[in-house]
Structure formats: structure tokens, C-alpha cells
Amino acid sequence: MAPPIGFGDKVAFVWKVADKLRGTFKQHEYGSVMLPLLVLRRMDAVLEPTRAAVIDQAVKLGVLEPDRKTLGKSVGEGHDQLLKKAAGQRFYSLSPLTFASMLQNDKELAEQLAGFIRRLSPDAYAVMDAYNFDDKIARMDRAGILYQVLADFADLDVRPSQVSNESMGYLFEELLRKFSEMSNETAGEHYTPREVIDLMVALLLQGQTHDELAANPKPVRTVYDPAAGTGGMLMGALHGITEANDGAKVMVYGQELNAETWAIAQSDLMMQDIPPQQMIEGNSLTQDAFPSDRFDFILANPPYGVDWKSYATPIRDEHEKQGEHGRFGAGLPRVSDGSLLFLQHMLSKMKPSGSRVGIVLSGSPLFSGAAGSGESEIRRWILENDWLEGIVALPDQMFYNTGISTYVWILTNDKATEDRGWVRLIDARQSGTKMRKSLGDKRKELKPDAIAEIAQLYGGARDEFAADARVKVLRREEFGFQRITVERPLRRRWEVTSEAVEAEPFDRFAPLLGRKFDTEKALVAAAGELAGDLSTKDKKAFAKACTIADPDAPMIEKKGKPEPDPDLRDQENVPLPTGFFDLDEGERDPVLQRAAEKHLADEIRPYVDDAWIDYTKTKVGVEIPFTRQFYVYEPPRPVEEIAGEIKELEAQIQGWMKGLGL
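Procedures and definitions
Residues numbered from 1 in each chain as written. Predicted model: local features only at pLDDT ≥ 70, side-chain atom pairs only at ≥ 80, totals over all residues. Heavy atoms only, no water. Pairing = 2+ DSSP bridges. Helix = DSSP H or I, 4+ residues; strand = E, 2+ residues; numbered from the N terminus. Phe/Tyr/Trp six-rings, centres within 6.5 Å; stacked < 30°, edge-to-face > 60°. Buried < 20%, exposed > 50% of the residue type's maximum accessible area, 1.4 Å probe, protein only. Lys NZ or Arg CZ within 6 Å of the ring centre and 35° of its normal. Polar contact = N/O pair within 3.5 Å; in protein donor to acceptor, adjacent residues only side chain to side chain. Contact = heavy atoms within 4.5 Å. Axes fitted to C-alpha atoms, helices over the stretch in contact; angles between N-to-C directions. Parallel < 35°, antiparallel > 145°, perpendicular 65-115°, else oblique. Left-handed = near helix turned anticlockwise from the far one by under 90°. Nonpolar A, V, L, I, M, F, W, Y, C, P; charged D, E, K, R; others polar.

## A look at the sheet that holds strand S15 (residues 547–549)
Then comes step 1: What the 3 strands build is an open sheet, ordered S14-S13-S15; its pairing is antiparallel. Each edge of the sheet is formed by a strand with only one pairing partner; in this case those strands are strand S14 (516–517) and S15.
Then comes step 2: Relative to S14, strand S13 (residues 492–495) is paired through 2 bridges, and the arrangement is antiparallel. Paired with Trp 494 across the strands is Phe 517, a residue of S14.

Okay, structure coming up:
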């Protein structure tokens, strides 16, 4: 749905007001002043028709004294609901003041504005308090710009009759985008570029999901973001769903750790009359605000490479005590990167069927961790459940505070029949367009045409686009392998050398110099005859000093079995057989052993015929080597061409040296 008429004028108006902050605030602070003022002005306009009724009700309840100015008893939950009913809104104000009336007394303006905020309903006050707005008011007052700024906002017509809740949301989000881009040094911590959100929403609303949404006259859909930031993804999903079906009712839910960022997201929801309890402040990994809720769409851009050591205790406790019944039963990643914790948390929020998950991750979760590690086990769990639908590689330099490569993962527990057991990979790394002016580390963007093309490639990956070099559709087993341990027998001989006897106390073994022994036992016995007073530990140390690896020596056995040589031990990855994840647990080990034996016979024993596999050490691992799938070999340039360039450079350098008289 397009922004409303007059939308651009209001954005430009607020943007112009922000110029008055120059010199008093740094550019990256503009948003933390303008956005809460916009919220206050909207509340001021929305509450105007019922202001007197709320004041009257507050007097009746004893919340205000009869003078209608002095606060009475505190607002209880029951009173809060009655006052909201009187206001006809999810918030109210116990202040008789308005933006216009405050301007009549410029000497007390700062105090009046702070008082106006303190008399907001508890939910609304909590939002403004998180902005730390009292400090902003004081700074504007000291700089002598508070009156000018407030007067401009008083002229901004945001009455509901002129600006709907939906239009107000668009206005807030556009200003948030502009202020975030202005403060690009820190924007990446909480703001995802709009085109990335648009792409994620397009990928989530694919195929049968879109068809079901469009066919339902009044569908109800829920959306959740556990790392909500300023709420951009939630609003992007809301707009995307209503564009697909304008009769849809969309309920958004989110949680955000940073207080001021949460306030921005809460403000956006407030502007659109969305219940405040659907946006919660806190750490979703340790304080899940929606423990029993399940959602249709779950999407997030969690922080990359964030260390979770400081709050690891509750996560480890849940992993150990609840296992697969908790959120982190599949495994725990290394403490230096909690991205896969967020993914597990999101997957736990899926409904029994029909949910779709979208998450932006760095490259590390694709392949970090060896077989058996937490990361590998999490990837294995995802593939075993056949939840991974596809991954899209984004261009680099897409985000404000990092230029690293990023990937969008799409997961679902309701794959189409033809997609079951398959994973689609889309290489969109070359789809970005260089920006005329970079914003921090963001130097590329996705144009609408590029987003549409990527979504089309993704949606048709198994059909007409299957031949496109940017598309791969692979069986899920192709990302798995068994890590086998290949052993070779220990072959040793023992010879007393000058190096072995040159140090105390082994110098007393000099009479044995040059002698060779077939076994360690024979050497120790001979040493004992010469130095019976030496400890068994020292005799063993002497034997070790005399040990020489010899591939022609007889192999050493223990209890009738060859002893493995740790120096010759090797580990190799053997691809998983097709259909492995469809097998029952009891059927898997024999299948793995047959594949390993075939690998041993075909790839190892032709070169070392005494090798064997220690199956007790075999582990199944999963990694997604995305770039390897799209690697294109480029032959090196001809030697003659390189030599010619070197000669040209040498001639050029000699010419420069002559010019310098050298």
C-alpha cells in the first residue's frame, strides 16, 4: 500500500524542524528528539476530543483533586482501564495542557512539557521515559530553542481526521528511516535497511502462502520478531501482508533489549493503535515475553557475533534441564556468537504447521563448528526436521555498520510436497547497486527490480529457473557428512642412540649404545640390568627416547589387535547417503558403515592397505558451504602474459631511475 497523499510534506516539515537542533545536538541524536516529539504531538491531537471527559472521570475516581490540576491517589489497574475507556484510546493524559496552551507561557514551557509527559497513562509514560526525554527538554531549554521546536510541532496537523493510524505509521517509519540513515555510525545496531526487509517479506509470502492469504476474505495472521529493534521488520511484514490482502488482520509481537530502541518500536505501534503489551522490553533469549504463543510469521535480524557469555547461565540451564522440550535442546553454539540461539528460539515459536521463519545471518552459522559441535548439531536438527526451505546470499556492504556478507534463511514446517527433502540456494551477491553516497558501511542497495527478480528466482527455483547459474536446488543430505577416523598400525623399533644417552640419568646406559631391540619390554629389561635403581618411570622415559618410527617394522599389537599410531591418525569427511535423514535411528549406523567401508576401499586402501576405521569415533556433521556451491574456476593467466607485464614494469622503472639521474 502506498503512503498517503500529503505524506511527503509532513516528512519534509519534521525534517526541516530538525535543523533547529543543529549545534545543540549531534546529528545522530536528532531522531531521539524528533520521534518522541512526534509521538507526543500525535497523542495531543488524538486525545483532544475526550480530554475533558478523561479529566472529569479522573476527578470522580479521586485520581485528580477537584481543582483538576493536583494529582490525587495513584492510578490503579481498574482506574487505568476506566480512564482509557473515557479517552476511547489505549492511552490517556491527566494533564489539562495541550501543545497550544503550553506555548502561552514560554517561561514555564520546559516544566509544563515535562509535567505533560509525567501525567500520561502508565503505558505511554513508560515509552517516553525510555527515551530519557527530560534530558532532551532541558538541553533545548538551555539552548533557547524549545519554544521554536514545540511551536512548529503544534502547527503539524496530525489529527485522526487528517492522518489515519496507518498513515501515521508510514510517517513515523519514514522519519525513522531518515534519522537512522543520518546516524549510520550506530544505525546498524537496531535498524535493518528497508530493502532487506522488503526482500524477506517477499520470500516469506511465497507460493502457497501467498495463495492462501489472497484467497481468504478476512485472514488473521500473527507476526513475531524476537530482536525487534525499532520494529521495522514487524511493520514491513504488516504492510506486505495487507498489500497481498487488504482485508487481512495482522497482529504483530516483538521483544527488544535496548530501552530506547524499544521505545521507538513501541511508539510506532502506539501510533497505529496496536496494544502496547505486544512489544516488550527485555532479552528474548533469557526472558521470553511470549512463552506460550505461536506465530504464523517469525522474522528477525539478530546481532551478528554477539557474545552471550554474560547471560549464559539461564540458557545452559534450559538446555540441560529441558532438553528437546526447551528452546535450546538441539545444541549450544560457541559463546562468541549467539545467532543460532535466536534461530532455535524462533523455530520454537512455530505453530504445529504452516509457520514461516526468516532470519538474516552472517556467514559463520553456515559452517562454523566441527562435526558434533553445537553449531553442527543445530544445523543437523534443522535438516532432520526438513525445515530449511532455502538460503539467499545478499550482496556485501548492505548494512550500516558492517560490510560483511550476509544471508537470508527461510524455514518452514509446511513445505510443499515437491519441496520436501530439498533446499534451494540463491546467489544474489551480484544483485546490489552501488549507492551514489554511502551511509557508513552501507554502500550497496537492492532496487525494487532486483528484489522482484530474487523473489522470482527463489519461487521458481525448482521450475523454470533451475538452469540459472544463480540457483542451486540440493537434497538436504548433500549438506551432511560423517567424520570418520582412519587409523594405521603402530610400527616401531628401539635403538639406543647417542642422543638418547647423552642426558643424566640416561648416560649410564652408554654400554647399550648402538644396540637394537624388537620390543620395548626387551629394551627396558636390558636397561634394568644396568641401572636397577632407576624408577620404572625413568626407564619408560628412556625407552621413549629410543623409540623410532619405522614403516617396515612389525606392527605392535595389544590384546591381539593392532595398536593405532596417533601420528598417522587421519580424519576424513564422507558424504551422507541419499535419503539418510529419512531413515529411522536404528537404520542409520549400518548405512553409515557401508558408506565408510566403500570410501575406505576406494579412496584409502589403494594407497595404504593397512588402514582401518575406528567407528567409535564417527560423528555426523552438517555444514552449508554456500560459496563453494557457486564457485566458478578461473584459470590462471598464461605465463607469457605475466612475464610480458613484468618486463614492461621493469622497463618503466628503469626509465624513472634514469630520469632521476640514478
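## So, the packing of aromatic side chains
Then comes step 1: Enumeration according to the criterion identifies 15 aromatic pairs in this entry.
Then comes step 2: Ring plane angle 80° and centroid distance 5.8 Å describe the contact between Tyr 224 and Phe 290, whose orientation is recorded as edge-to-face. Within this pair, whereas Tyr 224 is found in strand S1 (residues 220–225), its partner Phe 290 is found in the loop between strand S3 (279–281) and strand S4 (297–300), the two being separated by 66 residues in sequence. Accessibility assignment for this pair places Tyr 224 and Phe 290 in one class, buried.
Then comes step 3: The structure contains a cluster of three or more aromatic residues connected by ring pairs, namely Tyr 224, Tyr 253, Phe 290 and Phe 295.
Then comes step 4: Here the basic side chain of Arg 41 rests over the ring of Phe 99, its NZ or CZ set 5.9 Å away from the ring centre.
Then comes step 5: For the cation-ring pair, Arg 588 lies above Phe 580, with the distance from its terminal atom to the ring centre recorded as 4.8 Å.

## Things to note about the side chain of Glu 173
Then comes step 1: Tracing the sequence through the fold places Glu 173 in helix H10 (residues 165–182).
Then comes step 2: Among the polar contacts listed, one links the side chain of Glu 173 to the side chain of His 239, at a separation of 3.0 Å.
Then comes step 3: Excluding residues that lie within four positions of it along the chain, Glu 173 makes contacts with Arg 194, Met 235, His 239, Asp 268 and Gln 272.

## Quick notes on the side chain of Gln 112
Then comes step 1: For Gln 112, the position within the fold is in helix H6 (residues 109–118).
Then comes step 2: Once you skip the residues sitting within four places of it in the chain, Gln 112 turns out to touch Leu 97, Met 102 and Asn 105.

## Regarding the packing of H6 against helix H8 (residues 133–143)
Then comes step 1: Taken N-terminus to C-terminus, the directions of H6 and H8 make an angle of 165°; their axes are 10 Å apart at the nearest point. In terms of orientation, H6 lies roughly antiparallel with respect to H8. Every pair of crossing elements has a handedness; the one defined by H6 and H8 is right-handed. Of H8, the residues touching H6 (which contributes Ala 110, Leu 113, Ala 114, Ile 117 and Arg 118) are Phe 133, Asp 134, Ile 137 and Asp 141.
Then comes step 2: A class-by-class count of the residues in the contact of H6 with H8 yields 6 nonpolar, no polar and 3 charged.

## Examining the sheet that holds S3
The pairing of strands in a sheet happens through backbone hydrogen bonds and is either parallel or antiparallel.
Then comes step 1: Judged by pairing direction, the sheet is mixed, and its 9 strands sit side by side in the order S3-S2-S1-S4-S5-S7-S6-S8-S11 without closing on themselves. Looking at which strands have only one partner, the edges of the open sheet turn out to be S3 and strand S11 (471–475). Averaged over all neighbouring strand pairs, the angle between strand axes comes to 15°, with direction disregarded.
Then comes step 2: Pairing geometry for strand S6 (residues 388–393) and strand S8 (residues 422–427), over 4 bridges, is parallel. When the sheet's bridge partners are listed, Ile 391 is paired in S8 with Leu 425.
Then comes step 3: Running at roughly 140° to strand S5 (residues 356–362), helix H12 (residues 194–204) makes contact with S4, S5, S6 and strand S7 (406–412) of the sheet.

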